[in-house]
Amino acid sequence: MRGLRVFDRRPRTSAEPNVVRLIASWCLSYPDDEVLGRVELMRAALDEQEDPDTGDLLRHTIDHLADGDPTTLRRDYIEIFDLSKRHTLYLSYWSDGDTRRRGTSLGEFKQAYRDSGFLVDLHGELPDHLPIVLEFSARADPVRGVELLEKHRAALELIRFALLDAESPYAGAVQAVCATLPTPSPPDRAAALAMCGPAQTETVGLEPFDPRLLPINPTRA
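About the criteria used
- Residues numbered from 1 in each chain as written.
- Predicted model: local features only at pLDDT ≥ 70, side-chain atom pairs only at ≥ 80, totals over all residues.
- Heavy atoms only, no water.
- Helix = DSSP H or I, 4+ residues; strand = E, 2+ residues; numbered from the N terminus.
- Buried < 20%, exposed > 50% of the residue type's maximum accessible area, 1.4 Å probe, protein only.
- Areas by Shrake-Rupley, 256 points an atom, 1.4 Å probe, with all protein chains shown as cover.
- Phe/Tyr/Trp six-rings, centres within 6.5 Å; stacked < 30°, edge-to-face > 60°.
- Contact = heavy atoms within 4.5 Å.
- Axes fitted to C-alpha atoms, helices over the stretch in contact; angles between N-to-C directions.
- Parallel < 35°, antiparallel > 145°, perpendicular 65-115°, else oblique.
- Left-handed = near helix turned anticlockwise from the far one by under 90°.
- Nonpolar A, V, L, I, M, F, W, Y, C, P; charged D, E, K, R; others polar.
- Salt bridge = Lys/Arg side-chain N within 4 Å of Asp/Glu carboxyl O.
- pLDDT = per-residue confidence, 0-100.

The chain is annotated in an unreviewed UniProt entry as Nitrate reductase molybdenum cofactor assembly chaperone of Gordonia terrae.

Quick look at the structure:
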């Protein structure tokens, strides 16, 4: 499973939004054996939550993972998230594209992880990968995690709209995350795009951005 490992340096508490964000982090991670082995754990955790609407959104994604053939699930995950920038889970891409400004945004994620007082192992991933940010928010530092999610709320909402348009079962997990945040979702895609600010057109290097160059876990097949 690609994602972070959090080594606790201080006590932490659990609350319903944190449970939702942790389950969503697992749901949106590459469906390796570790993730698929957590399906019943995710279902059990949802059964203890008080918000049935959010639970139903997550169950749609969990059922997809539970019912799918592992090989097909992995192939489809790569196709939707790694081979198409239309659904990419790298948050800063949505606001910065392939520009030098994106390096600054990635640095802000890393700084938030350092400032939290936890050791965060990214396992070769970029720090703005949504499953990593969600697990950080749920397990390490909810305050800084929510701040990161709110700062990149436009990206989160555009991912939600894109997955809904694709009728993807992963849309439920992103919808559930949006429901945990303190501010309301924008009413439509145009409003979410407006939150991103002006389009970024600068490219780094000689070639335009190609999502196939995003990090892909070497264990994937």
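That shown, we press on.
Q: It is not clear to me how the overall build of the chain should be interpreted in this structure. Could you clarify?
A: When helices and strands are counted, the chain shows 12 helices and two strands. Mapped in sequence order, the helices and strands of the chain form the string β-α-α-α-α-α-α-α-β-α-α-α-α-α. Each of the 221 residues in the chain was classed as buried or not, and the buried ones make up 51%. Only carbon and sulfur atoms are counted for the fraction: they give 54% of the accessible area of the chain, which is about 10600 Å².

Q: Honestly, the packing of aromatic side chains in this entry has me stumped. Any pointers?
A: Given two aromatic rings, their pairing is described by the distance between the two centres and the angle made by the two planes. Applying the stated criterion to the full structure yields five aromatic pairs. On the numbers, 5.1 Å between centres and 70° between planes, the contact of Phe81 with Tyr170 is edge-to-face. Residue Phe81 is found in helix α5 (residues 70–82), and its partner Tyr170 is found in the loop between α10 (153–165) and α11 (171–180); the two are separated by 89 residues along the sequence. Residue Phe81 is classed as buried on the basis of its relative accessible area of 2%. Judged by its relative accessible area of 3%, Tyr170 is buried. Ring-pair connections join several aromatic residues into one group, and the members of that group are Tyr30, Tyr77, Phe81 and Tyr170.

Q: Sorry, what's going on with α11 here?
A: Burial analysis of α11 places eight of its 10 residues in the buried class, which makes it a mostly covered element. Listed in full, the buried residues belonging to α11 are Ala171, Gly172, Ala173, Val174, Ala176, Val177, Cys178 and Thr180. At its buried positions, α11 is contacted by α1 (16–27), α4 (52–67), α8 (130–139) and α10.

Q: I would appreciate a short explanation of the packing of helix α3 (residues 39–47) against α4 in the present structure.
A: Packed helices, taken two at a time, are described by the angle their axes make and the gap between the axes. Here α3 crosses α4 at 165°, and the two axes come no closer than 10 Å. If you check the angle between α3 and α4, you find them roughly antiparallel. Of the two elements, α3 crosses α4, and the hand of that crossing is left-handed. For the pair formed by α3 and α4, the contact residues are Val39, Met42, Arg43, Leu46 and Asp47 on the first element and Gly55, Leu58, Arg59, Ile62, Asp63, Leu65 and Ala66 on the second. Tallied by class, the residues present in the contact of α3 with α4 amount to seven nonpolar, one polar and four charged.

Q: Explain the pattern of salt bridges to me, please; I cannot follow it from the model alone.
A: Side-chain pairs of opposite charge can arise where the charged atoms are in close proximity. All chains considered together, the criterion is met by 15 salt bridges. Across the salt bridge formed by Asp33 and Arg74, the nearest N and O atoms sit 2.6 Å from each other. Pair noted here: Asp33 is in helix α2 (residues 33–36) and Arg74 is in helix α5, with a separation of 41 residues, a long-range link. Given a relative accessible area of 59%, Asp33 falls into the exposed group. The salt bridge partner of Glu150 is Arg153, with a shortest N-O separation of 3.4 Å.

Q: Explanation requested: the confidence of the model for the chain in the structure shown.
A: Note: predicted coordinates in regions of low pLDDT should not be interpreted at a detailed level. When the pLDDT values of the chain are averaged, the result is 81; 81% of them are 70 or greater. Long-range and interchain partners of residues 1–14, a stretch whose pLDDT sits below 50, account for 49 contacts in this model, where long-range means more than four residues apart. When the criterion is pLDDT under 50, residues 200–221 qualifies, and its contacts beyond four places in sequence or with other chains add up to 43 contacts.

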